[in-house]
Amino acid sequence: MLTASKLEKIIELEDSLRSQYQDQLDAKSAEIERGIKKQQEQQVVIEKQLAQLTTISAEGTANKRTEQLNRELTHRCEKLEDEVATQKKRIKGLQKDLAEDRAEIKALKQYDAAAMKKNLDASKKKLAEKTTANEMLQKSSSKAKAENGKLQQKVSELEARLAVLEPEEDKEDVKEDVKEDVKEESAAA
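Remember, predicted model here, so these are calculated numbers, not experimental data.

Undergrad: It is not clear to me how the overall build of the protein chain should be interpreted in this structure. Could you clarify?
TA: Secondary structure summary: the protein chain contains three helices and zero strands in total. The secondary structure elements of the protein chain, listed N-terminal to C-terminal, are α-α-α. In the protein chain, buried positions account for 3% of the 189 residues. In the form shown here, the protein chain has an accessible surface area of approximately 17,600 Å², with 56% of it arising from carbon and sulfur atoms.

Next comes the structure, spelled out in C-alpha coordinates:
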(Lines give C-alpha, C1' and ligand atoms only; values in the text may rest on other atoms or scores of the structure.)
Protein backbone atom coordinates (compact mmCIF):
# COMPACT_ATOMS: atom_id res chain seq x y z
CA MET A 1 0.00 0.00 0.00
CA LEU A 2 2.75 2.11 0.43
CA THR A 3 3.24 2.29 -3.14
CA ALA A 4 -0.42 2.96 -3.74
CA SER A 5 -0.35 5.81 -1.27
CA LYS A 6 2.81 7.12 -2.87
CA LEU A 7 1.16 6.85 -6.19
CA GLU A 8 -1.78 8.73 -4.94
CA LYS A 9 0.46 11.42 -3.55
CA ILE A 10 2.31 11.64 -6.79
CA ILE A 11 -0.96 11.92 -8.69
CA GLU A 12 -2.15 14.58 -6.30
CA LEU A 13 1.11 16.40 -6.58
CA GLU A 14 0.87 16.15 -10.36
CA ASP A 15 -2.67 17.49 -10.29
CA SER A 16 -1.70 20.35 -8.03
CA LEU A 17 1.29 21.15 -10.16
CA ARG A 18 -0.86 20.88 -13.20
CA SER A 19 -3.40 23.25 -11.86
CA GLN A 20 -0.64 25.66 -10.89
CA TYR A 21 1.27 25.46 -14.12
CA GLN A 22 -1.55 24.55 -16.53
CA ASP A 23 -1.81 28.12 -17.76
CA GLN A 24 1.92 28.24 -18.36
CA LEU A 25 1.81 24.83 -20.04
CA ASP A 26 -1.06 25.92 -22.25
CA ALA A 27 0.80 29.12 -23.07
CA LYS A 28 3.97 27.16 -23.85
CA SER A 29 2.00 24.62 -25.93
CA ALA A 30 0.37 27.46 -27.85
CA GLU A 31 3.77 29.09 -28.27
CA ILE A 32 5.20 25.78 -29.47
CA GLU A 33 2.37 25.39 -31.96
CA ARG A 34 2.90 28.95 -33.21
CA GLY A 35 6.60 28.23 -33.50
CA ILE A 36 5.86 25.07 -35.49
CA LYS A 37 3.46 26.99 -37.77
CA LYS A 38 6.02 29.75 -38.17
CA GLN A 39 8.68 27.18 -38.92
CA GLN A 40 6.39 25.56 -41.52
CA GLU A 41 5.71 28.96 -43.08
CA GLN A 42 9.41 29.69 -43.10
CA GLN A 43 10.03 26.27 -44.62
CA VAL A 44 7.56 27.13 -47.42
CA VAL A 45 9.30 30.51 -47.92
CA ILE A 46 12.70 28.77 -47.91
CA GLU A 47 11.48 26.28 -50.50
CA LYS A 48 10.18 29.16 -52.67
CA GLN A 49 13.46 31.01 -52.28
CA LEU A 50 15.40 27.83 -53.04
CA ALA A 51 13.34 27.39 -56.19
CA GLN A 52 14.00 31.02 -57.13
CA LEU A 53 17.72 30.64 -56.39
CA THR A 54 17.82 27.51 -58.49
CA THR A 55 16.11 29.37 -61.34
CA ILE A 56 18.38 32.37 -60.90
CA SER A 57 21.41 30.12 -60.69
CA ALA A 58 20.40 28.40 -63.93
CA GLU A 59 19.81 31.80 -65.52
CA GLY A 60 23.14 33.00 -64.13
CA THR A 61 24.86 29.95 -65.60
CA ALA A 62 23.10 30.63 -68.88
CA ASN A 63 24.13 34.30 -68.62
CA LYS A 64 27.73 33.30 -67.91
CA ARG A 65 27.66 30.96 -70.89
CA THR A 66 26.12 33.71 -73.02
CA GLU A 67 28.76 36.17 -71.86
CA GLN A 68 31.48 33.62 -72.62
CA LEU A 69 30.04 33.03 -76.08
CA ASN A 70 29.79 36.79 -76.56
CA ARG A 71 33.48 37.23 -75.68
CA GLU A 72 34.46 34.37 -77.99
CA LEU A 73 32.37 35.78 -80.84
CA THR A 74 33.82 39.25 -80.29
CA HIS A 75 37.31 37.81 -80.44
CA ARG A 76 36.47 35.85 -83.59
CA CYS A 77 34.93 38.95 -85.12
CA GLU A 78 38.09 40.96 -84.44
CA LYS A 79 40.20 38.20 -85.98
CA LEU A 80 37.92 38.10 -89.03
CA GLU A 81 38.09 41.89 -89.37
CA ASP A 82 41.89 41.71 -89.31
CA GLU A 83 41.79 38.90 -91.85
CA VAL A 84 39.39 40.88 -94.06
CA ALA A 85 41.71 43.90 -93.91
CA THR A 86 44.64 41.66 -94.87
CA GLN A 87 42.64 40.11 -97.70
CA LYS A 88 41.64 43.59 -98.95
CA LYS A 89 45.30 44.60 -99.08
CA ARG A 90 46.13 41.38 -100.88
CA ILE A 91 43.24 41.92 -103.33
CA LYS A 92 44.47 45.45 -104.08
CA GLY A 93 47.95 44.07 -104.78
CA LEU A 94 46.52 41.32 -106.97
CA GLN A 95 44.34 43.83 -108.83
CA LYS A 96 47.41 45.97 -109.46
CA ASP A 97 49.30 42.91 -110.73
CA LEU A 98 46.30 41.96 -112.86
CA ALA A 99 46.17 45.45 -114.40
CA GLU A 100 49.89 45.23 -115.20
CA ASP A 101 49.43 41.75 -116.69
CA ARG A 102 46.48 42.95 -118.76
CA ALA A 103 48.52 45.87 -120.07
CA GLU A 104 51.36 43.50 -120.92
CA ILE A 105 48.96 41.08 -122.65
CA LYS A 106 47.44 43.99 -124.57
CA ALA A 107 50.91 45.05 -125.69
CA LEU A 108 51.73 41.48 -126.66
CA LYS A 109 48.47 41.09 -128.58
CA GLN A 110 49.47 44.04 -130.73
CA TYR A 111 52.21 41.82 -132.12
CA ASP A 112 50.39 39.03 -133.89
CA ALA A 113 52.92 36.23 -134.30
CA ALA A 114 51.45 34.86 -137.53
CA ALA A 115 51.24 38.31 -139.15
CA MET A 116 54.74 39.17 -137.93
CA LYS A 117 56.10 35.93 -139.42
CA LYS A 118 54.32 36.65 -142.69
CA ASN A 119 55.70 40.20 -142.70
CA LEU A 120 59.15 38.84 -141.85
CA ASP A 121 59.01 36.38 -144.75
CA ALA A 122 57.87 39.15 -147.10
CA SER A 123 60.63 41.44 -145.79
CA LYS A 124 63.21 38.68 -146.32
CA LYS A 125 62.03 38.22 -149.91
CA LYS A 126 62.18 41.98 -150.56
CA LEU A 127 65.62 42.13 -148.95
CA ALA A 128 66.82 39.22 -151.11
CA GLU A 129 65.47 40.97 -154.22
CA LYS A 130 67.06 44.27 -153.25
CA THR A 131 70.34 42.52 -152.41
CA THR A 132 70.32 40.82 -155.81
CA ALA A 133 69.48 44.11 -157.51
CA ASN A 134 72.21 45.83 -155.50
CA GLU A 135 74.76 43.18 -156.47
CA MET A 136 73.81 43.60 -160.12
CA LEU A 137 74.11 47.38 -159.78
CA GLN A 138 77.51 46.93 -158.08
CA LYS A 139 78.68 44.68 -160.94
CA SER A 140 77.42 47.07 -163.59
CA SER A 141 78.91 50.01 -161.67
CA SER A 142 82.28 48.28 -161.41
CA LYS A 143 82.07 47.40 -165.14
CA ALA A 144 81.23 51.02 -165.93
CA LYS A 145 84.11 52.20 -163.74
CA ALA A 146 86.45 49.75 -165.47
CA GLU A 147 85.22 50.85 -168.88
CA ASN A 148 85.44 54.47 -167.81
CA GLY A 149 89.00 53.85 -166.62
CA LYS A 150 89.86 52.20 -169.95
CA LEU A 151 88.27 55.05 -171.83
CA GLN A 152 90.15 57.58 -169.72
CA GLN A 153 93.33 55.68 -170.50
CA LYS A 154 92.49 55.66 -174.19
CA VAL A 155 91.69 59.36 -174.03
CA SER A 156 95.03 60.09 -172.38
CA GLU A 157 96.82 57.90 -174.95
CA LEU A 158 95.00 59.63 -177.77
CA GLU A 159 95.76 63.03 -176.31
CA ALA A 160 99.43 62.05 -176.04
CA ARG A 161 99.45 60.92 -179.67
CA LEU A 162 97.60 63.99 -180.73
CA ALA A 163 100.01 66.21 -178.87
CA VAL A 164 102.87 64.62 -180.75
CA LEU A 165 101.16 64.75 -184.14
CA GLU A 166 99.32 68.05 -184.15
CA PRO A 167 100.15 71.53 -183.17
CA GLU A 168 98.83 72.95 -179.94
CA GLU A 169 95.85 74.85 -181.36
CA ASP A 170 94.36 71.85 -182.88
CA LYS A 171 94.93 70.00 -179.64
CA GLU A 172 92.21 71.86 -177.83
CA ASP A 173 89.61 71.18 -180.48
CA VAL A 174 90.51 67.54 -180.53
CA LYS A 175 90.39 67.28 -176.74
CA GLU A 176 86.87 68.60 -176.77
CA ASP A 177 85.86 66.19 -179.51
CA VAL A 178 87.43 63.27 -177.63
CA LYS A 179 85.68 64.24 -174.42
CA GLU A 180 82.35 64.38 -176.22
CA ASP A 181 82.99 60.97 -177.77
CA VAL A 182 83.87 59.56 -174.31
CA LYS A 183 80.67 60.99 -172.83
CA GLU A 184 78.59 59.50 -175.61
CA GLU A 185 80.19 56.08 -175.12
CA SER A 186 79.69 56.30 -171.36
CA ALA A 187 76.06 57.21 -171.80
CA ALA A 188 75.59 54.37 -174.27
CA ALA A 189 77.14 51.86 -171.87
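Undergrad: Hey, could you run me through the environment of T74 in this one?
TA: Relative to the assigned elements, T74 resides in helix 1 (residues 2-110). A residue is classified by how much of its surface remains accessible, and T74, at 37% relative accessible area, is partly exposed. At 2.7 Å, the side chain of T74 forms a polar contact with the backbone oxygen of N70.

Undergrad: What exactly am I supposed to notice about a negative patch on the surface here?
TA: A surface patch of like charges, here negative, comprises E78, E81, D82 and E83. Along the chain, the position of D82 falls in helix 1. Note on D82: relative accessible area 53%, which makes it exposed.

Calculation rules
Residues numbered from 1 in each chain as written. Predicted model: local features only at pLDDT ≥ 70, side-chain atom pairs only at ≥ 80, totals over all residues. Heavy atoms only, no water. Helix = DSSP H or I, 4+ residues; strand = E, 2+ residues; numbered from the N terminus. Buried < 20%, exposed > 50% of the residue type's maximum accessible area, 1.4 Å probe, protein only. Areas by Shrake-Rupley, 256 points an atom, 1.4 Å probe, with all protein chains shown as cover. Polar contact = N/O pair within 3.5 Å; in protein donor to acceptor, adjacent residues only side chain to side chain. Patch = residues over 30% accessible without salt bridge, like charges linked within 9 Å, V, L, I, M, F, W, Y side chains within 5 Å. Salt bridge = Lys/Arg side-chain N within 4 Å of Asp/Glu carboxyl O. Lys, Arg positive; Asp, Glu negative; His and termini not counted. Charge placed at Lys NZ, Arg CZ, Asp CG, Glu CD.

From the geometry alone we can't say anything about function, so treat these as descriptive.
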